[in-house]
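# Structure assessment
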Amino acid sequence: MTQPSSQPVPAPSSSEFFAAFDALTPEQVRAGGTMKWSERPDTAISAWVAEMDLGTAPAVTQALHRAVDGARFGYMPTSVWEDCRAAVIDFHRDSFGWEIPERDMSLLPDVLSALRAIISRHTRPGSPVIVPTPAYMPFLTIPGTLDREAIEVPALRGDGASAPAWSLDLEGIEAAMAAGAGLLILCNPWNPVGRVLTAAELDAVAALSAKYGVVVFTDEIHSPLVLPGSPRHICYASRPGADPALTFTATAASKGWNIPGLHCAQLIASGEARARFDADPLCSCLPGGASILGVIATTAAFSQGRGWNEAVREYLRRTLEGITGRLSAIDGVSVTMPESTYLAWVDFSGALADGRITGAPAGFLERKAGVSMNEGVTFGSDYAAFCRLNLATGRGIADEIADRITAALA
Ligand SMILES: Cc1ncc(COP(=O)(O)O)c(C=O)c1O
């Protein structure tokens, strides 16, 4: 056994955490050598790829230290995998009220390898893939690598009060299904807009999936990052209308505890979908790609690292509220407060229209403001005026981001 899954590791108090995060400087985090900070100009504040500057839970580092000290670098013992499965099941029950049967869960090296395997082995050859946009970039590029067309279905826009600022275009999704699509990628919570989808939206998707026999790949990797005060995450597969034969859920601790480099994700499928997945040699070999250190870290995160995750979500909420407020106050810029994730989806249309920004906004703002974000057009062809801003950093750095963008657009 790796460690008992019932004992939380006490996290430092929120005030200790928050003071340490507040004090972070760009020089300090750049010295950490992460991908986020090592692949953009040294003069820029890095706010692009979805990594956090806030480290990980003490429970995770302690479990990894024990594993390294014990040279746990061999193949995966069954007990290590079983502990992880128990931790994932407990977390989903406690957090989202979803009781996952043990037999329905398997390991993966990462979420995207499951998406590739399911598109290629569980949908009609050549059938298009529906991607509600704006979408996490690989959702738009992976189908093409598998000889499939990615059909972009742009989100509906609302005022953020009487209707969500971003919501699924169910009619557009239905039209794509009726035209022969084989799979829908559902991203819930939704990167980059930060929405937590409602039961009504999930039920409508389930009804369409059943009507047209279309597989739903539901990516719930951001579910451990729902911000305090936001609606509770609802697992798509837990909805009564979701047909088990057409449903694959992928999730991981990698975003909520900042450990994507450790390579451990989970696939949940039941009934006929599980049987087909297990019977397919390409799919059934995926668990062997999960790393033992990733599995140990995932167990620690979901079982003993919840206190840290809770404190971090509160820190993120405060930072996001502050910075989205400051950015929205800039003429020609708008952004809505996300319900989950640490990502802000910023609309620079007004600043483009009046010429304060020329060309692609992320490139412009990297040069003129010294802030590196993701270019909106990589999330869908309708979003050339947007940037995705990663705010999982210290408040001082986040304020510097807002200062720099404000000054560049003055
Ligand atoms: C929605 C979403 N899915 C998947 C991933 C990548 O997951 P993995 O590294 O497990 O493939 C990310 C990473 O940012 C993401 O935001």
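Looking up the chain in an unreviewed UniProt entry gives the name cysteine-S-conjugate beta-lyase, with the organism given as Actinomyces gaoshouyii. Entered under Cofactor (unreviewed entry) in the UniProt record, the comment concerning the chain runs "pyridoxal 5'-phosphate". Its UniProt record gives the chain a comment under Sequence similarities (unreviewed entry), which states: "Belongs to the class-II pyridoxal-phosphate-dependent aminotransferase family. MalY/PatB cystathionine beta-lyase subfamily."

Another point: the pairing of strand S10 (residues 265-268). Alternating positions in S10 separate into two faces, Ala265 and Leu267 on one and Gln266 and Ile268 on the other, with burial throughout. Relative to S10, strand S2 (residues 105-108) is paired through 4 bridges, and the arrangement is antiparallel. Counterpart to Ser106 in the pairing with S10 is Leu267. Pairing between strand S9 (residues 247-251) and S10: 3 bridges, direction antiparallel.

Below, the discussion takes up the sheet that holds strand S3 (residues 129-133). Across the sheet, which stays open at both edges, the 7 strands sit in the order S2-S10-S9-S8-S7-S3-S4 with mixed pairing between neighbours. Pairing within the sheet leaves two strands with one partner each, and these edge strands are S2 and strand S4 (150-154). Across the sheet, the mean angle from the axis of one strand to that of its neighbour is 25°, orientation sign disregarded. On the sheet, helix H7 (residues 137-145) packs against S3, S4, strand S7 (183-187) and strand S8 (215-219) and is oriented at approximately 160° with respect to S3.

With that settled, consider the pattern of salt bridges. Applying the stated criterion across every chain, the model contains 22 salt bridges. Among the salt bridges present, the one from Arg239 reaches Asp203, with a minimum N-O distance of 2.8 Å. One end of the pair, Arg239, is in the loop between S8 and S9; the other, Asp203, is in helix H9 (residues 199-212), with 36 residues separating them in the sequence. Note on Arg239: relative accessible area 22%, which makes it partly exposed. By relative accessible area, Asp203 is classed as partly exposed at 29%. The closest approach of N and O atoms between Asp403 and Arg326, which form a salt bridge, is 2.6 Å. Placement of the pair is Asp403 in helix H16 (residues 395-408) and Arg326 in helix H13 (residues 306-328), with a sequence separation of 77 residues. Connected through salt bridges with shared partners, the residues Glu314, Arg317, Arg318 and Glu321 form a single ionic network.

Counting along an α-helix, one turn takes 3.6 residues, and residues three or four places apart therefore face a common direction. Taking 1.5 Å of rise per residue, 13 residues should cover 18 Å, and helix H12 (residues 292-304) covers 18 Å from first to last C-alpha, within 8% of that figure. Among the 13 residues in H12, 12 count as buried, and that is most of the element. Considered for burial, the residues of H12 that qualify are Ile292, Gly294, Val295, Ile296, Ala297, Thr298, Thr299, Ala300, Ala301, Phe302, Ser303 and Gln304. Check the buried side of H12 and you find it contacts helix H4 (58-69), helix H5 (78-96), S2, S10 and H13.

Here the focus is the side chain of Asp280. Tracing the backbone shows Asp280 in the loop between helix H10 (271-279) and helix H11 (281-284). On the accessibility criterion, Asp280 (11% relative accessible area) is buried. Reaching out from Asp280, the side chain makes a polar contact with the side chain of Arg121 at a distance of 2.9 Å.

By secondary structure assignment, the location of Arg72 is in the loop between H4 and H5. Distance in space between the C-alpha atoms of Arg72 and Arg326 is 47 Å, their sequence separation being 254 residues.

Here H9 spans 20 Å end to end across 14 residues, near enough to the 20 Å set by a 1.5 Å rise per residue. Check the buried side of H9 and you find it contacts strand S6 (166-167), helix H8 (170-178), S7 and S8. Phi turns positive, to about 65°, at Gly213, one or two residues after H9.

Spatial strand order, S11-S12-S15-S14: 4 strands in an open sheet with antiparallel pairing. The sheet terminates laterally at strand S11 (334-335) and strand S14 (374-375), the two strands that pair on one side only. Note: S11 against strand S12 (residues 343-347), 2 bridges, orientation antiparallel. In the sheet register, Ser334 faces S12, and the bridge partner there is Asp347.

In this section: the domain arrangement of the chain. Many authors give the size of an interface as the accessible area that is lost as the parts come together. The domains assigned to the chain are domain 1 (14-55 + 306-408) and domain 2 (66-304). Of note, the centres of domain 1 and domain 2, computed from C-alpha atoms alone, are 25 Å apart. Across the contact, 31 residues belong to domain 1 and 38 residues belong to domain 2. For the domain 1 and domain 2 pair, buried surface summed over both sides reaches about 2900 Å², with 54% attributable to carbon and sulfur atoms. Counting the surface domain 1 buries against domain 2, the share from its top three residues, Arg306, Glu339 and Phe379, is 27%. Counting across the interface, domain 1 meets domain 2 through 2 salt bridges. Where domain 1 packs against domain 2, one counts 23 residue pairs in polar contact (both at pLDDT 80 or more). At the level of secondary structure, the elements contributing two or more residues to the side of domain 1 that touches domain 2 comprise H13, S12 and strand S15 (386-390). Examining the composition of the side of domain 1 that touches domain 2, we find that 8 residues originate from one element, H13, more than from any other. Tallied by class, the residues present in the side of domain 1 that touches domain 2 amount to 13 nonpolar, 9 polar and 9 charged.

The rules we used
Residues numbered from 1 in each chain as written. Predicted model: local features only at pLDDT ≥ 70, side-chain atom pairs only at ≥ 80, totals over all residues. Heavy atoms only, no water. UniProt positions renumbered as here; feature names shortened; annotations may be inferred. Buried < 20%, exposed > 50% of the residue type's maximum accessible area, 1.4 Å probe, protein only. Helix = DSSP H or I, 4+ residues; strand = E, 2+ residues; numbered from the N terminus. Pairing = 2+ DSSP bridges. Axes fitted to C-alpha atoms, helices over the stretch in contact; angles between N-to-C directions. Contact = heavy atoms within 4.5 Å. Salt bridge = Lys/Arg side-chain N within 4 Å of Asp/Glu carboxyl O. Expected span 1.5 Å × (residues − 1). Polar contact = N/O pair within 3.5 Å; in protein donor to acceptor, adjacent residues only side chain to side chain. Domains from an automatic or database assignment. Buried area = accessible area lost by both parts, 1.4 Å probe. Nonpolar A, V, L, I, M, F, W, Y, C, P; charged D, E, K, R; others polar.

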